[in-house]
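Structural overview
One letter stands for each residue in the lines below.
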Amino acid sequence: MQRRHESVSGGAGARGVVRWGSRGLVAVVAALAGLVGLAAPAGAATAVTSASLMVAQYPEQSPATFSLANLAYGNQPSLWQADFTTSSTGALANPDTISVTLPGFVLASAPGFTLGGFGCTGAAASGVGSVSVQTITVVVPTGCTLGALTAGTIEFTSGVTNPPATEPGYEATAWVATSVDTSQIPFGALATSSLAPSGTSVKSMTVTALHGTAGSWNDTWTFGFTTSTSNALTGFGPYGGALVARDDVRVTFPAGFGVPSIPTVQLGAAFGASCTGSGSTVGQVVTILLTGTCTLAANTATTVQIGGITDPSVGSYPFSVQTSEDTTGGADNLTVAPATSVTGVSFSAASYAGNATTTWQVGFTPSTPGGLVAGDQ
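Residues numbered from 1 in each chain as written. Predicted model: local features only at pLDDT ≥ 70, side-chain atom pairs only at ≥ 80, totals over all residues. Heavy atoms only, no water.

Quick word on a nonpolar patch on the surface
Together, Phe347, Tyr352, Trp360, Val362 and Phe364 give the surface a local cluster of nonpolar side chains, amounting to about 630 Å² of exposed area. Tallying contributions element by element places strand E28 (residues 360-365) first for the nonpolar patch, with 3 residues. For Trp360, the position within the fold is in strand E28. Assessed through its relative accessible area of 51%, Trp360 is described here as exposed. (Patch = residues over 30% accessible without salt bridge, like charges linked within 9 Å, V, L, I, M, F, W, Y side chains within 5 Å. Areas by Shrake-Rupley, 256 points an atom, 1.4 Å probe, with all protein chains shown as cover. Salt bridge = Lys/Arg side-chain N within 4 Å of Asp/Glu carboxyl O. Helix = DSSP H or I, 4+ residues; strand = E, 2+ residues; numbered from the N terminus. Buried < 20%, exposed > 50% of the residue type's maximum accessible area, 1.4 Å probe, protein only.)

Right, dumping it as structure tokens:
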């Protein structure tokens, strides 16, 4: 797994600097005592050391590059990893806890986490934490242990959204502590000015409909777009609008369209043969969450189809598409045509005898936009 630090210094070039004051001085004394093999003063609060906070990067399936996966953007879901080293008396095991404070972040009530360095892996090293104000607290899972003076990591895999992208100079301070090393240690100034504004948009958006006529129900709408080329975040490379699993595509239907709460969705081939997505609707916005092995490179054209739509009255309607990477919506208009009717209607029966039970056959010819597919009525 490749990693990149995102503002990890603890001030004045040092990592995990303890701030002075009575509590900070005790923590420093305790830490120095641990280095020379002495016991900490009785009753003294110890602190973890070498605390750092970094953005986690995950390899895309194809091509073999690395995606920021929303980690560099303000107001976007993110994956953050906290690294720390326990004190000389700070060994951890169940039911000990680790607490990380992230000022300015939006935190879900139960963020997901995975521990590293605790002698456990996979599901055994994972779980969900609890949140109080801006602090996430996790309980060390049963079977996981971290020795004294040992480095460990905790990666928040869900439930953490970055602060807004801000002007240079704004800083928030993040902290880490454990139920054994209870003195909070700052990771250092977390400069949210390094979070890029989410201003890129998809390109070359198009909208088409299977029917697109007033009053049509169970219609299927297809949205074409191209992901953005790159972002301007110095040092992070041209990831741009590339998407991976856990990213999403959001399509906004204008007022008047009937959109089911769980619409059918189909993703274009550019997402990958085994890519699946699930759609959900809030208001007029359909959000398609990418799962499985979904990948879509930057500057790549694709489509998404959304079914089960009821078309509104005749008129020109604006649509928009955005993604969790290209957060400024691309737009296009499409005109809903007047309702059409079938022609060539005929009725015939196997028997015309009075009171007879028989089979009637109805013939008709659909209009040019009136073709039917499975699920139509």
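A word on the sheet that holds strand E24 (residues 301-309)
Through backbone hydrogen bonds, the strands of a sheet pair up, either in parallel or in antiparallel fashion. With respect to topology, 4 strands assemble into an open sheet ordered E16-E17-E24-E20, the strand pairing being antiparallel. The sheet terminates laterally at strand E16 (203-209) and strand E20 (264-267), the two strands that pair on one side only. Neighbour-to-neighbour, the strand axes of the sheet open up by a mean angle of 15°, direction not taken into account. With 5 bridges joining them, E16 and strand E17 (residues 219-226) adopt antiparallel strand pairing. (Pairing = 2+ DSSP bridges. Axes fitted to C-alpha atoms, helices over the stretch in contact; angles between N-to-C directions.)

So, the nonpolar core
Core analysis: the biggest nonpolar cluster contains 29 residues, and Trp221, Phe223, Phe253, Phe257, Phe271 and Phe319 have the highest contact counts within it. Looking at this core, the elements with two or more residues in it are E16, E17, strand E19 (248-252), strand E22 (285-291), E24, strand E25 (315-323) and strand E26 (330-336). Ignoring any residue separated from it by four or fewer positions in sequence, one finds Phe257 in contact with Trp221, Gln284, Ile309, Thr310, Asp311, Pro312, Tyr317, Phe319 and Val336. (Core = buried A, V, L, I, M, F, W, Y, C linked by side-chain atoms within 4.5 Å. Contact = heavy atoms within 4.5 Å.)

Comments concerning the pairing of strand E8 (residues 106-116)
Where E8 and strand E13 (residues 151-161) come together, 7 bridges link them in antiparallel fashion. Counterpart to Leu107 in the pairing with E13 is Val160. In terms of strand pairing, E8 meets strand E9 (residues 126-128) through 3 bridges, oriented antiparallel. For Phe113, the partnering residue across the bridge sits in E9 and is Gly127.

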